[in-house]
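A structural walkthrough
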Amino acid sequence: MKYFHLVWAALFRRKTRTLFTLLSVLAAFLLFGLLAAVRSTFDAPPSAAGVNRLVVSSRISIIQSLPQSLLQRIQSVPDVKDVAYANWFGGYYQDPKNQQQMFQIAINPGYLDVYPEIVLSADQRKAFESTRTGALIGEAAAKALNLKIGDKIPIKGAIFTNKSSGDTTWTFDIVGIFKASEAKMRGIENQLLFRWDYFNEGRGFGEGTVGWYIAQVDDPKHSEQVAAAIDAISANSDHETKTQTEEAFNLAFVKQLGDIGLIVGAIMAAVFFTLVLLTGNTMAQAVRERIPELAVLKTLGFSNASVLGLVLAESILLIVLGGTLGLLLAQVLLPALNAGSGGRMNFPPIGVSTWITGLVWMIGIGIVVGLLPALRGMRLRIVDALAGR
Amino acid sequence: MANLVEIRNLSKTYTRGKQKVEVLHHVNLDIAEGDFLALMGPSGSGKTTLLNLIGGLDSPSEGTLSVGGQRIDQLGEGALAKWRSNHVGFIFQFYNLLPMLSAQKNVELPLLLTKLSAAQRKKNASIALQLVGLAERASHKPNELSGGQQQRVAIARAIVSDPQLLVCDEPTGDLDRQSAEDVLGLLQSLNRDHGKTIIMVTHDPKAAEHARHVLHLDKGTLVESAEVA
Amino acid sequence: MNLLINVITVVVVIAVIAVLVVVPIAVVGILALLLAVWMATTRTGRQAWSVTRVGIATIPQRLGSSSVIVVGIAGVVGVLVALLAMGEGFRQTLQQTGDADTAIIMRGGATAELSSGVSRDDFTLIAQEPGIVKDAKGKPVASPELVVVANLPKKSSGTDANVEIRGVGEQAFELRPNVKIAEGRSFKPGLRELVVGKGALAQFTGLSVGSKLNLANQQWDVVGVFTSGDAHESELWGDVETVSTTYRRTGYQSITVRLTSPEAIETLKAGIAADPRLKVDVKTTGDYYSAQSENLSKIIRIIGIVIGSIMGIGAVFGALNTMYAAVATRAREIATLRAIGFRGLPVVVSVLLETMLLALLGGILGAAVTWLIFNNYTVSTLGSNFSQVVFAFKVSPALIASGLKWALAIGFVGGVFPALRAARLPVTTALREL
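Residues numbered from 1 in each chain as written. Chains lettered and ligands numbered in written order. Predicted model: local features only at pLDDT ≥ 70, side-chain atom pairs only at ≥ 80, totals over all residues.

Things to note about the overall build of chain C
The helix and strand tally for chain C stands at 14 helices and twelve strands. Taken over the C-alpha trace, chain C has a radius of gyration of 30 Å; the compact-globule value for 434 residues is 22 Å, which it surpasses by more than 25%. Its C-alpha atoms put chain C at 95 × 50 × 35 Å along the principal axes. Within chain C, the fraction of its 434 residues that count as buried is 52%. Look at the contacts in chain C between residues 6 or more apart in sequence, and 83% of them connect residues 24 or more apart. (Helix = DSSP H or I, 4+ residues; strand = E, 2+ residues; numbered from the N terminus. Rg over C-alpha atoms; globule rule 2.2 N^0.38 Å. Buried ≥ 20, exposed ≤ 12 C-beta atoms within 10 Å, placed from the backbone. Contact = placed C-beta atoms within 7 Å.)

This is how it looks when you write it as structure tokens:
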């Protein structure tokens, strides 16, 4: 540590150059931080802690529905604590462009028990249970579409025709606005939840079927056997099921968007390759200029190893400094991005593992970048360097 | 007095490209402890090479060289570096201070190689700066100091770890007369009052007058010696 | 005075970037040509050219640091062009799927086929509407269609992904002449046979001709492969009636018809609107598929520009470092030129030009590498029918042009400040210093 001031002083020998290089490194690691957040959103879609849910859907395809009669039978599977069901709706409010602002799902009231991350006041829950046309809207969607409790909202364009209106328009009464229990779950606030019984009576076809079931298990260790037991119920029927943990279900869905990991990896490879070249050049320049000074250090008795260490430490410090600032900036920017998108984007904050990977990259790049100049500094012949040769 | 430096049959050959250049031919020389020796000679005579060899910056091609009873011609690079840090102080024509460090930090540099604590390093460096009369300039960077002041900081750096031997390569070559006198006076007092053995390369006869002995080198051999003081 | 110059510089820099981003590449070319004319004809211009030549001649001595500009900018342009090519490929694939000569009819308000439904009676009525082309036998060229989604394992990951199975009417091939059987034969109506799109064949396992598929608990035979050059290539096609019975559907989801002319869409719309029994929307397939690509290609574009900008900022600082160092090493030479009477402008122009040439070289390198690796690189993503759309990266000339404009903009910013420093270098100190 006693050499630190030497390294620090050498780093800022040329302030402008160091500043520019720091800013380049900062840009690279800002990107690293942002892309890591993107990747982790796709690698592990956010899920609420401590819930052990299984998603039961049709084995044939996601759009195929299941008979409502399965409810009783799933409920009776040992280790199943609770079962809820839901149906995808797929309409829009006012403008087809709003479709992604507010996903509509028909649910049974028990759904709210299985999803503790949906935070709703007791009054509003009561109102939902007592109003057949009642609907609950997530806070983010309510804000974005400027909706409040008491509003009647017509939803159009779903596959399901409404017997009472004769077309695909369904009108719901907003009786509650819910929040997500954790910031990382804010994605669910872009939902409109309404009652499955109202939906089931009104719909023109497919009565008595549900889109998917959600089964809560008492212990995650039992997930596998419970899933097998649920799938066994409808084996060889015309409505075979596929039961998987919610995580696996979400992951499979997200994977269909594309190989985000590969894209992110390719971009980071290009960024880091460029960065290595850029800072490598800076370090080479810095060491070239300082050859006489390094010769003096060696004259005074600094060993080869310490000269090597000094130069390497300088390049590592350069990258770690810029990289840390970049990651910090990413850390500040991500919540701002999330807030700015009104809940549509929901990047997780930069976690410990990203910091550790980032630091490993910084140190690794620092070593790669500093090694050649450091070896040059180490191998210099004092007599030649002092004579300016 | 005992000999601090004993040189026997010392030769140094450089290869520059395909050419072999013998810079020193079979030099024999003893330098007594407490001596102040001026090495003179035309450029290319090998005086800096001899100085570098004595200071342990370079290794001879032939012959033996012992300083303070230790054969330094046989030391490897690492051992030589360690030896230099304990036994020799260097003073150069262009001072060779590190530009981004203050005078104080420049003087402390050699102490980083010792086991001294930070407080002790600071104290020793202050004493050395005081000795060269620059205590009040401790926090200045080299480019804020005059040439003479920079050379005095360099001298403070050379003596801070208390070596027996000071090796000076044209210490006044870049200084005006007055500053040169100050620096030479300082070297004299270090020799006289603190018992440092000093070897100084110079081509300035006035500078050489401050030494106890003067040796002349020509084409790699010692030609004559003369008592001065 | 200095402050004023700095403010002006910043304004000019921003203006140049704005111009570079907005103007087409041809204008940039014309500007370059004007510059060449200026250099050839005026005295200052000739001076600038000779100073530039000296600068360029010394690049080999500064190869390491000059390559920072080239590779740095190549990285930015490469990533930018690759991302934009992805968005462009997706947009093109979907846009090509539709045109102005065919119309798609779905239930009123439906945004995708999956959320639409059209009854058999509707089909009979719609097929008789005016504006629809009749084939040689006098039958309207209209195809009732039904899309269902099946789970199939993907080749790349081995995990299941959704593939779209489209049941089509007998006129489907007449309706879409670009759809051609490339291998095997077409399916036979009434049989559980499928033809697979070339894209789906490439992305999913077990779809080669002769293989058997289990869909909705029924066995299907793959009898052929088709090409279409559009989004339909991601689909599996079968007889609409067979698909309908297998999946126990009562009606269709959409009807696609060939119009007698692009203007006939209005005739068709009017005819349908006049029939109170029909509650459907009519769109050209061009409009329908464009709308589907809009969201995703916009997102990819924004992501590309954000990433490109951050990388671009990093590259600007790299270029600044390099050019400041270049000006420093050439300070004596520049000062000598100034001392013998060269004015400031040629010096500014030469440094700027040198940087922009290096930047352009980097841009070309980046675009070329991207083109070599990614042009026609095939990937797939989730489309609007909950199923995979296969598309290829399209590194188009327009994208390469915009990549080169980015390179020039980065080169300009990286060069202008060092250029000004070179011009403002005090002659006497520069000569003394070195």
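There's more to say after this.
Digging into the overall build of chain A
Across its full length, chain A carries 13 helices and twelve strands. Against the globule reference of 21 Å for 389 residues, chain A gives a C-alpha radius of gyration of 30 Å, more extended than a compact globule. Taken along its principal axes, the extent of the C-alpha atoms in chain A is 95 × 45 × 35 Å. Looking at the 389 residues of chain A, the share that counts as buried comes to 44%. Look at the contacts in chain A between residues 6 or more apart in sequence, and 81% of them connect residues 24 or more apart.

Overview of the sheet that holds strand β2 (residues 19-32) of chain B
Residues and elements named next belong to chain B. Spatial strand order, β2-β1-β4-β5: four strands in an open sheet with antiparallel pairing. Here the strands that pair on one side only, and so sit at the sheet edges, are β2 and β5 (70-71). Where strand β1 (residues 3-16) and β2 come together, ten bridges link them in antiparallel fashion. Residue T15 lies in a different strand from β2, and its bridge partner there is K20. (Pairing = 2+ DSSP bridges.)

Observations concerning the domain arrangement of chain C
Accessible area lost during the coming together of the parts is what is often quoted as the interface size. Residue and element names in this part refer to chain C. The domain architecture assigned to chain C consists of domain 1 (2-95 + 293-432) and domain 2 (109-278). One C-alpha centre belongs to domain 1, the other to domain 2, and the line joining them spans 48 Å. Domain 1 puts eleven residues into the contact, and the matching count from domain 2 is 17 residues. Contributions of two or more residues to the side of domain 1 that touches domain 2 are made by α4 (63-97), β11 (378-382) and β12 (388-392). Sort the elements by how many residues they give to the side of domain 1 that touches domain 2 and β12 lands first, with three residues. The residue inventory of the side of domain 1 that touches domain 2, partitioned by class, reads four nonpolar, seven polar and no charged. (Domains from an automatic or database assignment. Nonpolar A, V, L, I, M, F, W, Y, C, P; charged D, E, K, R; others polar.)

Description of the domain arrangement of chain A
Split into domains, chain A comes out as domain 1 (4-44 + 259-386) and domain 2 (65-238). Distance between the C-alpha centres of domain 1 of chain A and domain 2 of chain A: 49 Å.

Concerning the interface of chain A and chain C
Residue-level contacts link 42 residues of chain A with 47 residues of chain C. Residues belonging to the side of chain A that touches chain C are distributed by class as follows: 22 nonpolar, 14 polar and six charged.

What to know about the environment of S119(C)
Topologically, S119(C) is positioned in the loop between β1 (102-107) and α5 (120-127). In sequence terms S119(C) and Q253(C) are 134 residues apart; their C-alpha atoms lie 7.9 Å from each other.

Some points on the nonpolar core
Within the largest apolar cluster, 313 residues are counted, with the highest numbers of intra-cluster contacts made by L31(A), Y213(A), L39(B) and I410(C). Not counting the four nearest positions on each side in its chain, L31(A) is found in contact with V271(A), I307(C), I310(C) and M311(C). (Core = buried A, V, L, I, M, F, W, Y, C linked by C-beta atoms within 7 Å.)

Describing the environment of I367(A)
Residue and element names in this part refer to chain A. Mapped onto the elements, I367 comes out in helix α12 (residues 352-379). With 87 residues separating them in the primary sequence, I367 and G280 have C-alpha atoms 9.9 Å apart. Residues within four places of I367 in sequence aside, it is in contact with L312 and I316.

What to know about the interface of chain A and chain B
Tallying the contact residues gives 18 residues for chain A and 20 residues for chain B. Contributions of two or more residues to the side of chain A that touches chain B are made by α1 (4-11), α10 (260-299) and α13 (382-386) of chain A. With five residues, α10(A) is the single largest residue contributor to the side of chain A that touches chain B. Residues of the side of chain A that touches chain B, tallied by class, amount to nine nonpolar, five polar and four charged.

Digging into the confidence of the model for chain C
Any segment with low pLDDT has predicted coordinates that should not be analysed in fine detail. Overall, the prediction assigns chain C a mean pLDDT of 87, with 98% of residues at 70 or greater. The ipTM for the predicted assembly is 0.87, set against a pTM of 0.84. (pLDDT = per-residue confidence, 0-100.)

Quick look at the pairing of strand β2 (residues 142-153) of chain C
Consecutive side chains of a regular strand alternate in pointing toward one face of the sheet and then the other. Residues and elements named next belong to chain C. The element β2 is extensively covered by neighbouring structure, given that ten of its twelve residues are classed as buried. As defined by bridge partners, β2 adjoins strand β3 (residues 160-168) across eight bridges and the pair is classed as antiparallel. In the sheet register, N151 faces β3, and the bridge partner there is N162. Count of turn residues in the β2/β3 antiparallel hairpin: six residues, of which G158 carries a positive phi of about 80°.

Looking at unusual backbone geometry
A negative phi angle characterises most non-glycine residues, just as the trans form characterises most peptide bonds. All names here are of chain B. Phi at N96 takes a positive value of approximately 50°, unusual for a residue other than glycine. With a phi angle near 50°, E170 is a residue other than glycine that sits in the positive phi range. Summarising the element assignment, E170 is placed in the loop between β7 (165-169) and α6 (177-194). We classify E170 as buried; it has 20 C-beta atoms within 10 Å.

A few points about the environment of L97(B)
All names here are of chain B. Relative to the helices and strands, L97 resides in the loop between β6 (88-91) and α3 (103-108). For the pair L97 and S161, spaced 64 residues apart in the sequence, the C-alpha separation amounts to 16 Å. When neighbours within four sequence positions are excluded, L97 is seen to be in contact with N106, P142, Q150, V153 and A154.

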